[in-house]
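So you can see what is in the structure, the chains are spelled out below.
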Amino acid sequence: MILLDSVTKKYPGDEEPALDDVSLHIEPNEFVFLVGKSGAGKSTLMKMITKEELPDSGKIVIGGIDLDYVKKRHIPGYRRRLGVVFQDFKLLPRRTVYENVAFALEIAGMSGKDIRKTVPKVLELVDLASQAKKFPHQLSGGQKQRVAIARSVARQPKILIADEPTANLDKLTTREIIDLLKKINDFGTTILVTTHNESIVNNLQRRVITLKDGKIINDQKNNGIYKLDDTPTPRQSVRVVQTPGHALKNRRRVVM
Ligand code: ADP
């Protein structure tokens, strides 16, 4: 569960807040897109969740943890409970695919025996078992992102957040990465993704939250489409009212 209650954040020196009284509730196992023009506040919202930045006011509760009570020295441990994926992958260049995933588990305190059991399974999940011995520079962009995702889900986080995970990828690879995030969501992980990619948002038809000037101006809970403003969605404006006549006609069509 991700909960933000009246969160406001203004960076020092800025005239306007990056987040302005934002309240948001994401249930376990939801798949949510966060959209908005550049500067709308998407990254700042993600940084509120990872506690990279602190709010000026408001409350943030992530997976049952009230972030007010996560002390500075406990922030790395708190972050390890989240899966975090970045647009630039952030892999360790001198470590192999296998080692990148194993290292994340090692710093999380997993035993060598469990690491040796877990890494192959996770690489299988992201379809990279055959690339385990390669180094990041020997991989395509999509493969690098799959290693990054493997690393972030290896500890089986309840929540995965991804800031523009497909920004550096082509269309086909983008689709693969989104399919992988969907698969992870199907296993029960809550997913929050920021993106500028209109077609993936429209294809997936999940919840879509739009930020503008630091405010949530739109929250389409179901079948969301990519939109950057607060005009009604086409679906809302052309919604067909289901009259008994319609239902009859539809039924007849099915029978025939
Ligand atoms: P988005 O991710 O939607 O592009 P951001 O969260 O990066 O938006 O930015 C929201 C606003 O906060 C912008 O006006 C941006 O200039 C400002 N901002 C972001 N990071 C900083 C920072 N470190 N210092 C000052 N202002 C910042």
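Only a predicted model underlies this, so the values are computations on that prediction, with no experimental measurement involved.

Colleague: I would appreciate a short explanation of the domain arrangement of the chain in the present structure.
Modeller: Interface size, as often reported, equals the accessible area lost upon joining of the parts. Parsing the chain into structural domains produces domain 1 (2-81 + 158-248) and domain 2 (92-156). Using C-alpha coordinates to define each centre, domain 1 is positioned 26 Å away from domain 2. Listed per partner, the contact involves 13 residues of domain 1 and 13 residues of domain 2. Considering only the surface of domain 1 that becomes buried against domain 2, Arg80, Ile177 and Leu180 emerge as the three largest contributors, covering 43% of it.

Colleague: What is the right way to look at the packing of helix H3 (residues 97-107) against helix H5 (residues 141-153) in this model?
Modeller: Helices that pack against each other are described as a pair by the angle of their axes relative to one another and the distance between those axes. It is the contact of H3 with H5, at a shortest axis distance of 8 Å, that shows an interaxial angle of 25°. The angle between H3 and H5 falls in the class roughly parallel. The way H3 lies across H5 gives a crossing that is right-handed. Judged by residue contacts, Val97, Asn100, Val101 and Ala104 of H3 engage Val147, Ala150 and Arg151 from H5. The residue makeup of the contact of H3 with H5, split by class, is five nonpolar, one polar and one charged.

Colleague: Would you mind showing me how to read unusual backbone geometry here?
Modeller: Leave glycine aside and you will find that most residues have negative phi; peptide bonds, for their part, are mostly trans. In this structure, lysine 51 is a non-glycine residue whose phi angle is positive, near 60°. As for its placement among the helices and strands, lysine 51 is situated in the loop between helix H1 (42-50) and strand E4 (57-62). Despite not being glycine, phenylalanine 89 shows a phi value in the positive range, around 65°. Tracing the chain through its elements places phenylalanine 89 in the loop between strand E6 (82-85) and H3.

Colleague: Looking at this structure, how should I read the nonpolar core?
Modeller: Counting 40 residues, the largest nonpolar core has Phe33, Leu123, Ile149 and Leu181 as the members making the most contacts within it. Among the elements of the structure, strand E3 (31-35), H3, helix H4 (112-125), H5, strand E7 (159-163), helix H6 (171-186), strand E8 (190-194) and helix H7 (198-204) are those that each provide at least two residues to this core. When residues of this core are sorted by domain, at least three fall in each of domain 1 (2-81 + 158-248) and domain 2 (92-156). Excluding its chain neighbours within four sequence positions, the residues that come into contact with isoleucine 149 are Val85, Ile177, Leu180, Leu181 and Ile184. In this structure, Leu19, Leu24, Met46 and Ile49 belong to the second largest nonpolar core, which totals 27 residues.

Thresholds applied
Residues numbered from 1 in each chain as written. Predicted model: local features only at pLDDT ≥ 70, side-chain atom pairs only at ≥ 80, totals over all residues. Heavy atoms only, no water. Domains from an automatic or database assignment. Contact = heavy atoms within 4.5 Å. Buried area = accessible area lost by both parts, 1.4 Å probe. Axes fitted to C-alpha atoms, helices over the stretch in contact; angles between N-to-C directions. Helix = DSSP H or I, 4+ residues; strand = E, 2+ residues; numbered from the N terminus. Parallel < 35°, antiparallel > 145°, perpendicular 65-115°, else oblique. Left-handed = near helix turned anticlockwise from the far one by under 90°. Nonpolar A, V, L, I, M, F, W, Y, C, P; charged D, E, K, R; others polar. Core = buried A, V, L, I, M, F, W, Y, C linked by side-chain atoms within 4.5 Å. Buried < 20%, exposed > 50% of the residue type's maximum accessible area, 1.4 Å probe, protein only.

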